[in-house]
Amino acid sequence: MSSADQECWSRVKTRLRAEVGDDVYSSWFVRMDLEAIEDGTVRLSVPTRFLKSWIQSHYAERVLACWQVEQPRVGRIELIVRSAVLRSAIAKPKAELEVGVSETTRLSANNANGRAMPVGDPGAHEALGGSPLDARLTFETFVVGRSNTLAQAAAKQVAAARRGDAVMFNPLYIHAGVGLGKTHLLQAITWTGNAIGERKVLYLTAEKFMYGFVSALRTQTALAFKEALRGIGVLVIDDLQFLQGKSTQAEFCHTLNALIDAGRQVVIASDRPPSDLESLDDRVRSRLAGGLVVEMGPLGEELRLEILKSRVVAARAHHPSFDVPLQVLGYIAKTVTHNGRDLEGALNRLLAHNKLTGHPVTLEMAEREVRDLIRPQEPKRVKIEDIQRVVARQYNVSRSDLLSSRRTANVVRPRQVAMYLAKTLTLRSLPEIGRRFGGRDHTTVLHAVRKIEGLVGNDMTLAEEIEILKRQLQE
């Protein structure tokens, strides 16, 4: 690369800074370098895929125009990530940008800011920093039952919405245990939304969000990271319970508020309701609870059977001779009750046995192959709200009395019993229990727990009352 090329690049940068302003230039272009000029193509590099994707979607034509003012023979901009520069001599990166005058004909949709960008390309989704998508996880392959009807309907409503439509559920918050279909619904929203092309949908796990934010801080592109996320039409966050770190949580809070206030859609999934996300700030929990919160319950036997039937049909697409008698499917649906992943694992074992040995699938084979997947029924997950309601009814006080500052004897003892049950029947910490009982200090909860523990050993009537309350809560 000649010194004349470098001088030309300096003039282009000056021109670009004057057009977009100092703030935008510092966010997006200050780390862009010139790699080469060959046959009317300018090759530029940036340090991250994220920067590359954002520039190619929003500023590629402007960069090209600035070059053409200096060198009219330039007809195309090629943008690459610096880590891929050495590999580019062997093979072009998969998501490499080649922008020329004719490129504008392939920009068929607009993002939430009204700027043109490519649609319907999973590679483009990952280039934006999105988490990988599983092509099998679509609405067509999601089996609907009584426990997930509302969640599926809300997800389809969000996915089918178009730019300019009123946002009905914001945020849409789906919570359920492991393997009950949360990720399936979130990825289905992403596939459908991007296929429609009205709004750009970005799917991120909480881990990916944390990694992206930390990487942006490390590469001094945090402002670009924030601007990119807040320009997304629909932001989908999975496994929110894994979001850690004060600065990351603060950034998530700001992003959440910015998107909702701008009328953009946010969809979130977690393994617990917003009120149980103890690590998050009260304001974030409140904002999450202010949308539509939907719980996906355990899979009933009928739904488990339908899931198994659909998975057998899917398996036959690749293994036409695979056949599972209805009696075997019924046995698995009845005995493998934990979650959908266990059901899939059971079928995979039968398929492997059938293909590797040539033996037909029988009930005896199924009983042998899936015996370790048959787990004891999990006890009901007790919620603090349930404890407060049952204790209030037992002692003829109101729930608001339990949360109040009243210290009369007829309120103090039920409150202490409720705190004791919250500590023994849930996984909530002492500070969280105190917060849920009118904002009390954790030492108050600890005193109540020790008080009831001491009384139970000597007061048989109280011990019997607590056992009755436990049975009511766990049935």
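Each remark here, short or long, concerns the structure printed above.
Each chain carries its own residue numbering, running from 1 in the written order of its sequence. For this predicted model, a pLDDT threshold of at least 70 governs which residues receive local features, and a threshold of 80 or more governs which side-chain atom pairs are given and counted, while totals over whole chains, interfaces and linings are taken from all residues. Hydrogens and water molecules were not included; the side-chain quantities draw on all heavy atoms of the structure.

Novice: Would you explain the overall build of the chain in this entry?
Specialist: Runs of H or I in DSSP of at least four residues are treated as helices and runs of E of at least two as strands, each being numbered from the N terminus. A tally of regular secondary structure across the chain gives 21 helices and eleven strands. Classification of residues uses two cut-offs on accessible area relative to the type maximum, computed with a 1.4 Å probe and protein chains only: under 20% is buried, over 50% is exposed, and between them is partly exposed. By the burial criterion, 48% of the 475 residues in the chain qualify as buried. Put simply, 72% of the contacts in the chain that link residues at least 6 apart link residues at least 24 apart. Put simply, the chain shows about 23500 Å² of open surface, and 51% of that area lies on carbon and sulfur atoms. In this analysis, two residues are considered to be in contact whenever any of their non-hydrogen atoms come within 4.5 Å of each other. Method for areas: the Shrake-Rupley scheme with a 1.4 Å probe, in which residue coverage is limited to the protein chains shown.

Novice: What is the right way to read the packing of helix α1 (residues 3–20) against helix α4 (residues 60–70) from this model?
Specialist: Working note: a packed helix pair is described by the angle between its axes plus the distance between those axes. In the contact formed by α1 and α4, the axes pass within 9 Å of each other and the chain directions differ by 130°. In terms of their interaxial angle, α1 and α4 are classed as oblique. Note on packing geometry: the crossing formed by α1 with α4 is right-handed. Note on element contacts: α4 touches α1 through Arg62, Val63, Cys66, Trp67, Val69 and Glu70, opposite Cys8, Trp9, Arg11, Val12, Arg15, Leu16, Glu19 and Val20. Classification used: nonpolar for Ala, Val, Leu, Ile, Met, Phe, Trp, Tyr, Cys and Pro, charged for Asp, Glu, Lys and Arg, polar for all others including Gly. Class assignment for the residues of the contact of α1 with α4 results in nine nonpolar, no polar and five charged. Here the axes come from fitting lines to C-alpha atoms, over the contacting stretch only for helices, and the angles between their N-to-C directions go from 0 to 180 degrees. Here the word oblique covers every angle except those under 35 degrees (roughly parallel), over 145 (roughly antiparallel) and from 65 to 115 (roughly perpendicular). Crossing handedness is defined as follows: a turn of the near helix away from the far one that is anticlockwise and smaller than a right angle gives a left-handed crossing, while the clockwise case is right-handed.

Novice: I tried to follow the side chain of Thr138 on my own but got confused; where do I start?
Specialist: Tracing the chain through its elements places Thr138 in the loop between α5 (122–127) and α6 (149–160). If we ignore the near neighbours within four places in the chain, the residues touching Thr138 are His184, Ala188 and Trp191.

Novice: Could you clarify how one ought to interpret the pattern of salt bridges in this entry?
Specialist: Pairing between side chains becomes possible if they bear opposite charge and their charged atoms approach one another. Here, a salt bridge means any Lys or Arg side-chain nitrogen found within 4 Å of an Asp or Glu carboxyl oxygen. Counted by the stated rule, this structure contains 19 salt bridges. With a shortest N-O distance of 3.9 Å, Arg62 and Glu19 are connected by a salt bridge. Placement of the pair is Arg62 in helix α4 and Glu19 in helix α1, with a sequence separation of 43 residues. Judged by relative accessible area, Arg62 falls into the partly exposed class, the value being 37%. Among the charged side chains, a salt-bridge network with shared partners connects Glu385, Glu432, Arg435 and Arg436.

Novice: What is the right way to look at the sheet that holds strand β8 (residues 201–205) in this model?
Specialist: Picture the strands of a sheet paired through backbone hydrogen bonds; they go either parallel or antiparallel. If you trace the five strands from one edge of the open sheet to the other, you get β8-β9-β10-β7-β11, paired in parallel fashion. Each of the sheet's edge strands pairs with one partner strand only, and the pair in question is β8 and β11 (292–295). If you compare each strand with its neighbour and ignore which way they point, the axes differ by 15° on average. The pairing of β8 with strand β9 (residues 234–238) spans five bridges and is classified as parallel. By the bridge assignment for β9, Thr205 is matched with Asp238. For two strands to be treated as a pair, DSSP must find no fewer than two bridges joining them.

Novice: So what exactly am I meant to see when it comes to the packing of aromatic side chains here?
Specialist: Within a pair of aromatic rings, the relevant descriptors are the distance that separates the centres and the angle that separates the planes. Pairing of aromatic side chains requires ring centres within 6.5 Å, counting the rings of Phe and Tyr and the six-membered ring of Trp. Pairs whose planes differ by under 30 degrees are stacked, by over 60 edge-to-face, and all others tilted. Summed over the entire model, instances satisfying the criterion amount to three aromatic pairs. Between Phe29 and Tyr59 the ring centres are 5.3 Å apart and the planes differ by 75°, which places this aromatic pair in the edge-to-face class. Separated by 30 residues along the polypeptide, Phe29 in the loop between α2 (22–28) and β1 (33–38) and Tyr59 in the loop between α3 (49–58) and α4 bring together distant segments of the chain. Given a relative accessible area of 1%, Phe29 falls into the buried group.

Novice: Help me understand the packing of helix α18 (residues 409–425) against helix α20 (residues 442–456), please; the structure alone is not making it clear to me.
Specialist: Running from amino to carboxyl end, α18 crosses α20 at an angle of 95°, the nearest separation of the two axes being 8 Å. Classified by the angle their axes make, α18 and α20 are roughly perpendicular. Seen from α18, the contacting residues are Arg413, Gln416, Val417, Met419, Tyr420 and Lys423; seen from α20, they are Thr444, Val445, His447, Ala448, Val449, Lys451, Ile452, Glu453 and Leu455. Here the contact of α18 with α20 is composed, by residue class, of eight nonpolar, three polar and four charged.

Novice: Explanation requested: α1 in the structure shown.
Specialist: The terminal C-alpha atoms of α1, which comprises 18 residues, lie 26 Å apart, in line with the 26 Å expected from a rise of 1.5 Å per residue. Those residues of α1 not exposed but buried are Asp5, Cys8, Trp9, Val12, Leu16 and Val20. Seen from one end, α1 has its buried residues packed into an arc of 105°, which puts them on one side. Within α1, the exposed residues directed more than 90 degrees away from the buried face are Ser3, Thr14 and Ala18. Backbone geometry just after α1 places Gly21 at a positive phi near 95°. What a helix is expected to span follows from its residue count: subtract one and scale by 1.5 Å. Note that the arc is defined by the directions from the helix axis to the C-beta atoms.

Novice: Is there a simple way to explain unusual backbone geometry in this structure?
Specialist: Glycine aside, residues mostly have negative phi angles, and peptide bonds mostly take the trans form. Looking along the chain, the bond that leaves Asn170 and enters Pro171 is cis, with omega of -5°. On the secondary structure map, Pro171 appears in the loop between α6 and β7 (172–175). Backbone geometry places Asp39, a non-glycine residue, at a positive phi of 50°. Structurally, Asp39 can be placed in the loop between β1 and β2 (41–46).

Novice: What should I look at first to understand helix α10 (residues 246–261) in this one?
Specialist: Owing to its 3.6 residues per turn, the α-helix brings residues three or four apart onto one side. Helix length check: α10, at 16 residues, gives a terminal C-alpha distance of 22 Å against a target of 22 Å (1.5 Å per residue), a fit within 8%. Among the residues of α10, Thr248, Gln249, Glu251, Phe252, Cys253, Thr255, Leu256, Leu259 and Ile260 are the ones counted as buried. Two residues or fewer after α10 comes Gly263, characterised by a positive phi angle close to 80°.

Novice: Hey, could you run me through the nonpolar core in this one?
Specialist: Nonpolar side chains in soluble globular proteins tend to be buried together. Residues grouped as a nonpolar core are buried Ala, Val, Leu, Ile, Met, Phe, Trp, Tyr and Cys residues, joined through side-chain atoms within 4.5 Å. One finds Val324, Ile332 and Leu350 to be the most contacted residues of the largest nonpolar core, which totals 49 residues. Sequence-distant contacts of Leu350, defined by excluding residues within four places in its chain, comprise Phe322, Val324, Val328, Ile332, Val361, Met365, Ala366 and Glu369. Counting residues in hydrophobic clusters, the runner-up holds 27 residues, among them Trp9, Val63, Val74 and Ala228.

Novice: Which parts of the structure should I look at to understand the environment of Val361?
Specialist: Positionally, Val361 belongs in the loop between α14 (340–357) and α15 (363–369). Distance from Val361 to Leu350, taken between C-alpha atoms, is 6.6 Å for residues eleven residues apart in sequence. Leave out the neighbours within four places in its chain, and Val361 touches Phe322, Asp323, Val324, Pro325, Val328, Leu350 and Asn354.

Novice: Would you mind going over the environment of Asp441 with me for this structure?
Specialist: Summarising the element assignment, Asp441 is placed in the loop between α19 (430–436) and α20. Residues Asp441 and Leu430, eleven residues apart in the sequence, show an inter-C-alpha distance of 8.4 Å. Polar contact criterion, stated in full: a pair of N or O atoms within 3.5 Å, where within protein one must be able to donate a hydrogen and the other to accept it, and residues adjacent in sequence count only if both atoms are side-chain atoms. A distance of 2.6 Å separates the side chain of Asp441 from the side chain of Thr443, its partner in a polar contact.

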